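So the chains spell out like this:
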Amino acid sequence: MTHWRSIIALFCLLLLMAAARPCIAQEPKQKQPVTRILFLLDASGSMLAKWEGSDRMEVAKKLLAGLTDSLQQYQNLEVALRVYGHQFGRERNECKDTRLEVPFAANNKEAIQKKLAQIVPRGNTPITYSLEQSANDFPDEKGARNVVILITDGLESCKGDPCATSLALQRKRIFLRPFVIGIGIEAEQVQQLNCIGQYFNAADVRTFQNVLTEIVLQTLSPTTVTVDLVDEAGRPTESNVNMTFVNALTGVPEYNFVHYKDAAGKSDKLDIDALLPYDLVVHTTPPVVARSLHIKPGRHNVFPVKAPQGELYLRQDGPSPYGQLAAVVNLAGSESTLHVQYFGSRHKYLVGKYDLELHTLPRIYMKEVEIKQGQPTTISIPAPGQLNIPTDLQGYGSIYSISDDGSQQWIHNLPEQSSKTTLALQPGNYKLVYRMKSAHASKYTDVKDFTIRSGATTTVKIFNR
């Protein structure tokens, strides 16, 4: 009996483990953000103008009503309707004539279609004020994709600045880059609407319908991007580099990735929101910036970025008495610090020439060190020697390096309170100049020439005078 109980218990345990395994292996699905589309409809008096057998407002109503039907198929989508220029006649010159007629909600096509049927064009074109008020229409929800589709047949008539207002709201992330559909807009007026957002010219009814469809596809269709980091020959050989998609309006990072290539050497696809404007920063040394990426929404986009790299290896022979010895690396001819690299390390740089300042004593300067594609460049320096000053005196002294032509260059001051010093110096010829604090004349200055050899200690004594 005990034997069978053990078998049954083991069988139950195996069943529990099998049931739990898929739960462990599966990653939780990432929640998709809500997309909210606000239709901002011009109902000023000019929308009564005739247009292909009807008038502009009737065409806009009909196409918007049909669009709300087609939007029902999308998940995580809410739609709202704001109208301006419809509450007061033009004689009132009312510049606050705007109203949220249908708030955001899912599956509210009936409410929008009913309201569209009731609208009669009457007044002004307060685009700026309407954009300002639309900021309050979107629920305060982090991560939501807020979109404005402005449909208008005219320019701002209330002395506002819709372009500045739109830009400010985009920078605050109230909504993403708006879409602007112009109906019957003159060519010279296009620029004034184009700065509000992405402009489409609906020259006829068929184009208007196609534009609405295109905007919906751009807004709701998934968009992917591949970044190929190419070498000098244009081959996608580079990888494993951090890269950031920066919002070109706000300067805030939207996506951070570490570049990846599969076993076949193919760069992977990245999901990205195509409604934002991006600059791409590839964090090589120095970084490579691709500004104003032209991303086609609803498609797969490939961006080759030239980023050929080579490697710099800093090596010192023997143990270092400096501790962690560093080198300042600049672009050749530049005085701005690009990177600080420590000896014993390897670091990748873009192909090119660099100036190095090695923090030895004295400093070692190397000009136009060349980094070649896919190759290591090794910088090696000999181990320093040691200067030993055993004399414990108070005074004023300096150490100078001596060049081959006999000229000298200051490199170090001795402490005033004690001349007793152990100092690491690069191999070469030097001079010690010292006057005791108790010596009351310059003629009592002591001058010593000495040589430092790699890995050896040189002792220099200062005499009392």
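To be clear, the structure that these remarks concern was listed above.
Report follows, based on the coordinates. No experiment lies behind these values; they were computed from the predicted model shown. (Residues numbered from 1 in each chain as written. Predicted model: local features only at pLDDT ≥ 70, side-chain atom pairs only at ≥ 80, totals over all residues. Heavy atoms only, no water.)

### Structural notes on the overall build of the protein chain
Then comes step 1: For the protein chain, the count of helices and strands is seven helices and 29 strands.
Then comes step 2: The C-alpha atoms of the protein chain give 36 Å as radius of gyration, which overshoots the globular expectation for 465 residues (23 Å, by more than 25%).
Then comes step 3: Taking the principal axes of its C-alpha atoms as reference, the protein chain extends roughly 110 × 90 × 45 Å.
Then comes step 4: Classification of the 465 residues of the protein chain by burial places 44% in the buried group.
Then comes step 5: Just so you have it, the protein chain exposes about 25000 Å², and 50% of that area is on carbon and sulfur atoms.
Then comes step 6: For the protein chain, the centre of its 50 positive side-chain charges and the centre of its 46 negative side-chain charges are spaced 6 Å apart. (Helix = DSSP H or I, 4+ residues; strand = E, 2+ residues; numbered from the N terminus. Rg over C-alpha atoms; globule rule 2.2 N^0.38 Å. Buried < 20%, exposed > 50% of the residue type's maximum accessible area, 1.4 Å probe, protein only. Areas by Shrake-Rupley, 256 points an atom, 1.4 Å probe, with all protein chains shown as cover. Lys, Arg positive; Asp, Glu negative; His and termini not counted. Charge placed at Lys NZ, Arg CZ, Asp CG, Glu CD.)

### Some words on the state of the cysteines
Then comes step 1: Enumeration according to the criterion identifies two disulfides in this entry.
Then comes step 2: Going through the protein chain in sequence order and numbering each bonded cysteine, the pairs you get are 1-2, 3-4. (Disulfide = S-S within 2.5 Å.)

### Focus on the sheet that holds strand β10 (residues 242-247)
Strand-to-strand pairing in sheets goes through backbone hydrogen bonds, with the strands running parallel or antiparallel.
Then comes step 1: Pairing within the open sheet is antiparallel, and its four strands lie in the order β11-β10-β13-β14. The outermost strands of the open sheet, each flanked by one partner alone, are β11 (253-258) and β14 (288-290). Each strand of the sheet is rotated relative to its neighbour by a mean of 15°, with strand direction disregarded. (Pairing = 2+ DSSP bridges. Axes fitted to C-alpha atoms, helices over the stretch in contact; angles between N-to-C directions.)

### Some remarks on the sheet that holds strand β23 (residues 385-389)
Then comes step 1: The sheet built from three strands is open, its strands ordered β26-β23-β29 with mixed pairing. Edge strands, defined here as strands with exactly one partner in the open sheet, are β26 (421-425) and β29 (457-459). Strand after strand, the sheet turns through a mean of 25° between neighbouring axes, direction not considered.
Then comes step 2: Where β23 lies against β29, three bridges are found, and the strand directions are parallel. By the bridge assignment, Gln386 is partnered in β29 with Thr457.

### Here we look at helix α2 (residues 56-70)
Then comes step 1: With 15 residues, α2 ought to run about 21 Å at 1.5 Å a step, and its terminal C-alpha atoms sit 21 Å apart, in line with that.
Then comes step 2: By the burial criterion, the buried members of α2 are Arg56, Met57, Val59, Ala60, Lys61, Leu63, Leu64, Ala65, Leu67 and Thr68.
Then comes step 3: The N-cap of α2, judged by a side-chain oxygen 3.2 Å from the amide nitrogen of Met57 a few residues on, is Asp55. (Expected span 1.5 Å × (residues − 1). Polar contact = N/O pair within 3.5 Å; in protein donor to acceptor, adjacent residues only side chain to side chain.)

### Observations regarding the environment of Ser157
Then comes step 1: You can see Ser157 is positioned in the loop between β6 (145-152) and α5 (162-171).
Then comes step 2: With 30 residues separating them along the chain, Ser157 and Ile127 place their C-alpha atoms 7.9 Å apart.
Then comes step 3: In terms of polar contacts, Ser157 uses its side chain to reach the backbone amide nitrogen of Thr125, at 2.7 Å.

### Overview of the packing of α2 against helix α7 (residues 205-220)
Then comes step 1: The geometry of α2 relative to α7 is characterised by a closest axis approach of 11 Å and an angle of 35° between their N-to-C directions. Considering the relative orientation of α2 and α7, their crossing is right-handed. Contacts from Val59, Ala60, Leu63, Leu64 and Leu67 in α2 reach Val205, Phe208, Gln209, Leu212 and Val216 in α7.
Then comes step 2: Each residue belonging to the contact of α2 with α7 can be placed in one class, and the counts come to nine nonpolar, one polar and no charged. (Left-handed = near helix turned anticlockwise from the far one by under 90°. Contact = heavy atoms within 4.5 Å. Nonpolar A, V, L, I, M, F, W, Y, C, P; charged D, E, K, R; others polar.)

### Concerning unusual backbone geometry
Then comes step 1: For the bond running from Thr285 to Pro286, omega is -5°, close enough to zero to count as cis.
Then comes step 2: For Pro286, the position within the fold is in the loop between β13 (278-282) and β14.
Then comes step 3: In the segment running from Leu361 into Pro362, the intervening peptide bond is cis, with an omega of -5°.
Then comes step 4: Relative to the assigned elements, Pro362 resides in the loop between β20 (352-358) and β21 (364-371).
Then comes step 5: Phi angles above zero are rare outside glycine, and Glu52 is one such case at about 50°.
Then comes step 6: On the secondary structure map, Glu52 appears in the loop between β2 (50-51) and β3 (54-55).
Then comes step 7: Judged by relative accessible area, Glu52 falls into the exposed class, the value being 54%.
Then comes step 8: Even without glycine at this site, Arg173 takes up a positive phi of about 65°.
Then comes step 9: For Arg173, the location among the structural elements is in the loop between α5 and β7 (179-183).

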